[in-house]
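Each chain is listed here by its residues.
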Amino acid sequence: IYHGGIHGKEHVMAMRAIMDTNYRYLSLDYGINPLTRRYLRYATDTNLPFKKKIERIAECKISVCFNLIHVSYKHYRNMMAYRSALSKGGEFFDSLKPFHLLKNYPWVGVLPQFKTRVHEAAISRCVNLIYRDPWNVIEDYYEPDKEFIYFDSEADLREKMNYILQNWDGDHVQGVVESAYRKAARYTSENFMRIYSRVISEDSPSRFPDF
């Protein structure tokens, strides 16, 4: 399963791979970009309410995810407007350059964005197949090869999908499923508020509190 928009060549690559399987592709049919609209004909479900979306995920064995946000020129201008006001951390945006629009149209570039669909797949006992990017923010939440599996290319994605399907009942795959499920079950609002309250009360708060 893949659910979300089609924003760049990474998503197109994933669609090519999953459409050779018994796939599900969930999307919206409103407020979407032209590339997503082009792929609507391949959608198995559109505009599902959240509960139905989770039910559909739970019917699947693999969830493909990209923890990226594709940045448009409009996004870029807004970011640069407050870039100079940041006392630290502003260099985060420096990889975005307006001339990148020429080769990435309609995007200036990409930045990391952790997707909550990772949690949704884990709690639904799906194996998360995660695209390895320059940031890999997922490792702030889950452990590679223990709670999710990386892929690096279309060929690698196809190979990992086949491996998971052929070894679904094996110790490794079921270990990933179970470990991710247990980890996701800890990411609750109650735990967040309890830990966040403790972190902000400390003199030197931990940057990455342990859930």
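Whatever comes next refers back to the structure up there.
Okay, so let's go over this structure. Note that the coordinates shown come from a computational prediction; the quantities given were computed from them, not determined experimentally. (Residues numbered from 1 in each chain as written. Predicted model: local features only at pLDDT ≥ 70, side-chain atom pairs only at ≥ 80, totals over all residues. Heavy atoms only, no water.)

1. Concerning the sheet that holds strand S3 (residues 45-46)
Moving on, step 1. Here we have three strands laid out as an open sheet, ordered S1-S2-S3, and parallel in their pairing. Looking at strand neighbours, the two that pair on one side only are strand S1 (2-3) and S3, the edges of this open sheet.
Moving on, step 2. Pairing geometry for strand S2 (residues 25-27) and S3, over two bridges, is parallel. Looking at the pairing, Leu26 lines up with Asp45 of S3. (Pairing = 2+ DSSP bridges. Helix = DSSP H or I, 4+ residues; strand = E, 2+ residues; numbered from the N terminus.)

2. Examining the pairing of strand S7 (residues 127-131)
Moving on, step 1. The element S7 is largely enclosed, with a buried count of five among its five residues.
Moving on, step 2. Judged by which residues are buried, S7 turns out to be covered on both faces: Val127, Leu129 and Tyr131 on one side and Asn128 and Ile130 on the other are all buried.
Moving on, step 3. Looking at chain direction, S7 and strand S8 (residues 149-151) are connected through three bridges and run parallel. Paired with Tyr131 across the two strands is Phe151, which belongs to S8. (Buried < 20%, exposed > 50% of the residue type's maximum accessible area, 1.4 Å probe, protein only.)

3. Looking at the environment of Pro106
Moving on, step 1. Mapped onto the elements, Pro106 comes out in the loop between helix H5 (101-104) and strand S6 (107-112).
Moving on, step 2. Residue classification places Pro106 among the partly exposed positions, given a relative accessible area of 37%.
Moving on, step 3. As a C-alpha pair, Pro106 and Val71 span 35 residues in sequence and 8.6 Å in three-dimensional space.

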